[in-house]
Amino acid sequence: MPGDRISETDHVSRHFGKSRCDDDGRPLGTAFLPRPNELYLSVNWLEHTGYSSRSEQLREVCTQLANGGMSVRASTRLAVLHLDSLFSHVRSNSLDMRELCAHHEPILPQNPSHSGIYGYTVDDHLIADLMAEAVEEVHKAHR
Amino acid sequence: MHDLNAVSEYAKFKASSAYVTALGTATDVHPDYRTEVAAEVGTDFSVTTNDLNWQRSRRRLFVANSDLLASDQGYVNVLSKFEEVSFSPDMSAFAVLDELRMPEEQIRRQIRKFWADSLLTYRERLSRRLEFLLDAMEEDGEVWSDDSPDSLRMLLRFLESVPDFRYPTVTITPSATFRAQWTAGSDRHFAIDFLPDGQVRLVVFCRDLRHSNRIKRYSGVTSWDSITRDVEPFDIRRWTTDAGR
């Protein structure tokens, strides 16, 4: 059962490693594919961190990811997505006008901003490539 | 008495060279390592051994245990660290050895072979990228799957079949398969995920030639040897080859 739905005016970040980006550090579509056994793509809800500046939000996200056992290093990165822009880009460009949605999926106590993007699977490469197109910012991960 | 009919790795052979030379029955060595082995033990394996001349009924395959060290010497020490693997007489011992290898080891061998044998202009750059991905997977704590070596094999085979294609950006999917893509903008995107059993998953974004303000998008699954035919209507050569630029 998905958690609370996140407002489309908000932003999420996706943490990805070196094997999912191009030579310039931009995320490729594979950075936005959930794992085969996952029901959603793991992201972090930036506004949930309580900070207003992007750098503080991302620093908090990195702390939460690390607390949750993720390997957060300078070589890993965070892609920032605006949910409304993302969903409308996917809806208007996918073959089946795919509707995605984001839900809050907190992992307590380590990663309270953890959330999920629902509506596609590991086989939906076209959707993942569209998501890569919708990335607004890319930042190096740091704590 | 055992015959050491195949040795999977140079390091293992090196460790067992005393055993091999003592018995004088090393009837084969993996072709990738013959030159090095010959240098090591002073034997010209390209002359004295030949896959085709194996006495098939006598073939037995031994692989080294994980605790075999390069410093191990002597018949008794080394013999105790090998384990016999049974296999069908109609199989190549090397195919059996490949199945026994860990996926990352198979991938590393494929990269080395690609580097050595390929005539593609971007061979060196792609080899470096693949090595980078191997390291990145380990650093990111990602795990290769049993399908990964086959996926890489299909990727390299496809690239060899389209030598006029430009250097692709290669990445790894969460299923640990290899994905190649050629992207030159939101209206020029072609990506191939190499799945097990010779299947591929394609994604194409391209300009609609009849309605230039629209972008056509396509995704689907096909066989690796049908890729170029299946994407022909999308005119991908305009941005995947130098000739199309």
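What counts and how
- Residues numbered from 1 in each chain as written.
- Chains lettered and ligands numbered in written order.
- Predicted model: local features only at pLDDT ≥ 70, side-chain atom pairs only at ≥ 80, totals over all residues.
- Heavy atoms only, no water.
- Helix = DSSP H or I, 4+ residues; strand = E, 2+ residues; numbered from the N terminus.
- Buried < 20%, exposed > 50% of the residue type's maximum accessible area, 1.4 Å probe, protein only.
- Contact = heavy atoms within 4.5 Å.
- Areas by Shrake-Rupley, 256 points an atom, 1.4 Å probe, with all protein chains shown as cover.
- Pairing = 2+ DSSP bridges.
- Axes fitted to C-alpha atoms, helices over the stretch in contact; angles between N-to-C directions.
- Parallel < 35°, antiparallel > 145°, perpendicular 65-115°, else oblique.
- Left-handed = near helix turned anticlockwise from the far one by under 90°.
- Nonpolar A, V, L, I, M, F, W, Y, C, P; charged D, E, K, R; others polar.
- Salt bridge = Lys/Arg side-chain N within 4 Å of Asp/Glu carboxyl O.
- Expected span 1.5 Å × (residues − 1).

Novice: Even after reading the chapter, I still don't get the overall build of chain B, so can you show me in this structure?
Specialist: A tally of regular secondary structure across chain B gives 10 helices and seven strands. Looking at chain B as a whole, 48% of its 245 residues are labelled buried. Of the contacts made within chain B by residues no fewer than 6 positions apart, 52% connect residues no fewer than 24 positions apart. Of the roughly 12400 Å² of accessible surface on chain B, 48% is carried by carbon and sulfur atoms.

Novice: It is not clear to me how the sheet that holds strand 6 (residues 199–207) of chain B should be interpreted in this structure. Could you clarify?
Specialist: The strands that make up a sheet pair up through hydrogen bonds in the backbone, lying either parallel or antiparallel. Residue and element names in this part refer to chain B. Strand order in the open sheet made by the five strands is 3-4-5-6-7, with antiparallel pairing throughout. Edge positions in the open sheet fall to strand 3 (169–172) and strand 7 (215–223), since each of these has one partner strand only. Across the sheet, the mean angle separating the axes of adjacent strands is 15 degrees when strand polarity is ignored. Across five bridges, strand 4 (residues 178–183) lies against strand 5 (residues 188–194) in antiparallel orientation.

Novice: Help me understand the environment of T63(A) in this model?
Specialist: Mapping T63(A) onto the fold places it in helix 1 (residues 54–67). For the pair formed by T63(A) and D10(A), sequence separation is 53 residues and the distance between their alpha carbons is 20 Å.

Novice: Sorry if this is basic, but what is going on with the packing of helix 6 (residues 103–117) of chain B against helix 8 (residues 148–161) of chain B here?
Specialist: Packed helix pairs are specified by the crossing angle of their axes together with the interaxial distance, meaning the distance between the axes. All names here are of chain B. Relative orientation of the contacting elements helix 6 and helix 8 amounts to 20 degrees, with a least axis distance of 8 Å. Judged by the angle between their axes, helix 6 and helix 8 are roughly parallel. Classified by chirality, the crossing of helix 8 by helix 6 is right-handed. Two secondary-structure elements touch here, helix 6 through P103, Q106, I107, Q110, I111 and F114 and helix 8 through S148, P149, L152, R153, L156 and E160. Residue composition of the contact of helix 6 with helix 8, by class: seven nonpolar, three polar and two charged.

Novice: Is there a simple way to think about the pattern of salt bridges in this case?
Specialist: Opposite charge on two side chains lets them pair, provided their charged atoms get close. All names here are of chain A. Counted under the stated rule, the structure contains 25 salt bridges over all chains. As a salt-bridge pair, E137 and R54 come within 3.1 Å of each other at their nearest N and O atoms. On the criterion of sequence distance, the pair formed by E137 in strand 6 (residues 137–140) and R54 in helix 1 is long-range, its members being 83 residues apart. We classify E137 as partly exposed; its relative accessible area is 24%. For R54, a relative accessible area of 22% gives the class partly exposed.

Novice: Please clarify how the sheet that holds strand 2 (residues 41–45) of chain A should be interpreted in this entry.
Specialist: Residue and element names in this part refer to chain A. Strand order across the open sheet formed by six strands is 4-5-2-1-3-6, with antiparallel pairing between neighbours. Each edge of the open sheet carries a strand with a single partner, namely strand 4 (101–104) and strand 6. Between one strand and the next, the sheet's axes are offset by a mean angle of 35 degrees, whatever the strand orientation. By the bridge criterion, two bridges tie strand 1 (residues 11–16) to strand 2 in an arrangement that is antiparallel. If you follow S13 over to strand 2, its bridge partner there is N44. Along the sheet face, helix 1 touches strand 1, strand 2, strand 3 (77–82) and strand 6 and points at about 120 degrees away from the line of strand 3.

Novice: Where do I start with helix 6 of chain B in this structure?
Specialist: An α-helical turn contains 3.6 residues, so any two residues separated by three or four positions project in the same direction. In a regular helix each residue adds 1.5 Å, so 15 residues correspond to 21 Å; helix 6 of chain B covers 21 Å between its end C-alpha atoms and thus fits that length. If you check which residues of helix 6 of chain B are buried, you get P103(B), Q106(B), I107(B), R109(B), Q110(B), I111(B) and F114(B).

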